[in-house]
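# Chains, contacts and geometry: an overview
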Amino acid sequence: MYEKETEYKKIFQFQKRWAKHWQTYSAHRSHSSTQGMIDSAKKTLNYIESIDTKEKTYKTKLELLDVFFDEQDRIERGSRGYDSFYYDAKRFNERSYNSIAKSEPVFIPKLSNFH
């Protein structure tokens, strides 16, 4: 049986892992320009932890996260003028929602293959 909430949970858990990943040594070692990603990842992880309550469904959490990504992406594009951590995260969510709309399972990539 295809459970949409399970797919939303997979997306949410991936976003949490993605934000944690950019704060690890292996991410720094692999990429020379990670400082901007680190700051964005910290902000994202703090926000995810603030909305990660049992009272909210994963779909609701993702809706809140999408609003956060939109706001932060708009701010970063204004100051940097290029795609940001938030833009990439937002695009991943959009692609995942398209899969859910087609009743297909969400593809969660390995972190080493995602950046």
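Note that the coordinates shown come from a computational prediction; the quantities given were computed from them, not determined experimentally. Here, residues in each chain are numbered from 1, in the same order as that chain's written sequence. For this predicted model, a pLDDT threshold of at least 70 governs which residues receive local features, and a threshold of 80 or more governs which side-chain atom pairs are given and counted, while totals over whole chains, interfaces and linings are taken from all residues. The side-chain numbers reported here are obtained from all heavy atoms of the structure, hydrogens and water having been left aside.

### Remarks on the overall build of the protein
Using the following cut-off: In this text, helices come from DSSP runs of H or I with a minimum length of four residues, and strands from runs of E with a minimum of two, each type numbered from the N-terminal end. Exposed residues in this analysis have more than 50% of their type's maximum accessible area, buried residues have under 20%, and partly exposed residues fall in between, with area computed by a 1.4 Å probe over protein chains only. Contacts are assigned to residue pairs with any non-hydrogen atoms lying within 4.5 Å of each other. In this description, accessible areas are obtained by the Shrake-Rupley approach with a 1.4 Å probe, and a residue is regarded as covered only by the protein chains that are shown.
The helix and strand inventory of the protein stands at six helices and zero strands. Counting from the amino terminus, the protein carries its helices and strands in the arrangement α-α-α-α-α-α. Residues counted as buried form 39% of the 115 residues belonging to the protein. Expressed as a percentage of contacts within the protein between residues at least 6 apart in sequence, the contacts between residues at least 24 apart total 64%. Accessible surface computed for the protein: about 6,900 Å², of which carbon and sulfur atoms make up 50%.

### Regarding the nonpolar core
Formally: What we call a nonpolar core is a set of buried Ala, Val, Leu, Ile, Met, Phe, Trp, Tyr and Cys residues that are connected through their side-chain atoms within 4.5 Å.
Ile-11, Phe-12, Trp-22, Leu-65 and Phe-85 are the most contacted members of the largest nonpolar core, which totals 23 residues. Listing elements by their share of this core, those giving two or more residues are helix 1 (4-21), helix 3 (35-51), helix 4 (58-80) and helix 5 (85-101). Filtering out sequence-adjacent residues up to four positions away, Phe-12 remains in contact with Ile-48, Ile-51, Asp-52, Tyr-58, Lys-61, Leu-62 and Leu-65.

### Describing the environment of Val-106
Inspection of the secondary structure assignment puts Val-106 in the loop between helix 5 and helix 6 (111-114). Relative accessible area serves as the criterion here: at 5%, Val-106 is assigned to the buried category. Once the C-alpha coordinates of Val-106 and Lys-4 are considered, the two residues, 102 residues apart in sequence, prove to be 9.7 Å apart. The residues touching Val-106, leaving out its near neighbours within four places in the chain, are Glu-7, Lys-10, Ile-11, Ser-96 and Ile-100.

### Observations regarding the pattern of salt bridges
Should their charged atoms come close, side chains of opposite charge can pair. For clarity, the threshold we go by: A side-chain nitrogen of Lys or Arg and a carboxyl oxygen of Asp or Glu constitute a salt bridge if their distance falls within 4 Å.
For the coordinates displayed, the defined rule picks out six salt bridges. The partner of Glu-7 in a salt bridge is Lys-10, with the nearest N and O atoms 3.2 Å apart. Taken together, the residues span about one helical turn, with Glu-7 and Lys-10 both in helix 1 at a distance of three residues. Glu-7 gets classed as buried once you look at its relative accessible area, which sits at 7%. In this structure, Lys-90 and Asp-70 form a salt bridge, with 3.2 Å as the shortest nitrogen-oxygen distance.

### Some details on the packing of helix 1 against helix 5
As a reminder of what qualifies: Axis geometry follows a simple rule: fit a line to the C-alpha atoms, using only the stretch in contact for helices, then measure angles between N-to-C directions, giving values from 0 to 180 degrees. The scheme is simple: roughly parallel for angles under 35 degrees, roughly antiparallel for over 145, roughly perpendicular for 65 to 115, oblique for anything else. Handedness of a helix crossing follows the sense of rotation of the near helix relative to the far helix, less than a right angle counterclockwise being left-handed and clockwise being right-handed. The nonpolar class holds Ala, Val, Leu, Ile, Met, Phe, Trp, Tyr, Cys and Pro. Asp, Glu, Lys and Arg form the charged class, and all remaining residues, Gly among them, are polar.
It is the contact of helix 1 with helix 5, at a shortest axis distance of 11 Å, that shows an interaxial angle of 165°. Classified by the angle their axes make, helix 1 and helix 5 are roughly antiparallel. For the crossing formed where helix 1 meets helix 5, the hand is right-handed. Contacts between helix 1 and helix 5 involve Lys-4, Glu-7, Tyr-8, Ile-11, Phe-14, Gln-15, Trp-18 and Ala-19 on the former and, on the latter, Phe-85, Ala-89, Phe-92, Asn-93, Ser-96, Tyr-97 and Ile-100. Class assignment of the residues belonging to the contact of helix 1 with helix 5 gives a composition of 10 nonpolar, three polar and two charged.

### Remarks on the packing of aromatic side chains
Put simply, the rule reads: When two rings of Phe, Tyr or Trp (its six-membered ring) have centres within 6.5 Å they constitute a pair, described as stacked for plane angles under 30 degrees, edge-to-face for angles over 60, and tilted for the intermediate range. Over a ring means this: the NZ of a Lys or the CZ of an Arg is within 6 Å of the ring centre and within 35 degrees of the ring normal.
Throughout the structure, instances matching the rule amount to 11 aromatic pairs. Relative to Tyr-86, the ring of Phe-85 lies with its centre 5.7 Å away and its plane at 90°, an arrangement referred to as edge-to-face. Ring pairs connect the aromatic residues Phe-14, Trp-18, Trp-22, Tyr-47, Phe-68, Phe-69, Phe-85, Tyr-86 and Phe-92, which therefore count as one cluster. The aromatic ring of Phe-12 is capped on one face by Lys-61, whose charged end is 5.3 Å from the ring centroid. The ring of Tyr-58 carries the charged tip of Lys-61 above its face, separated from the ring centre by 4.2 Å.

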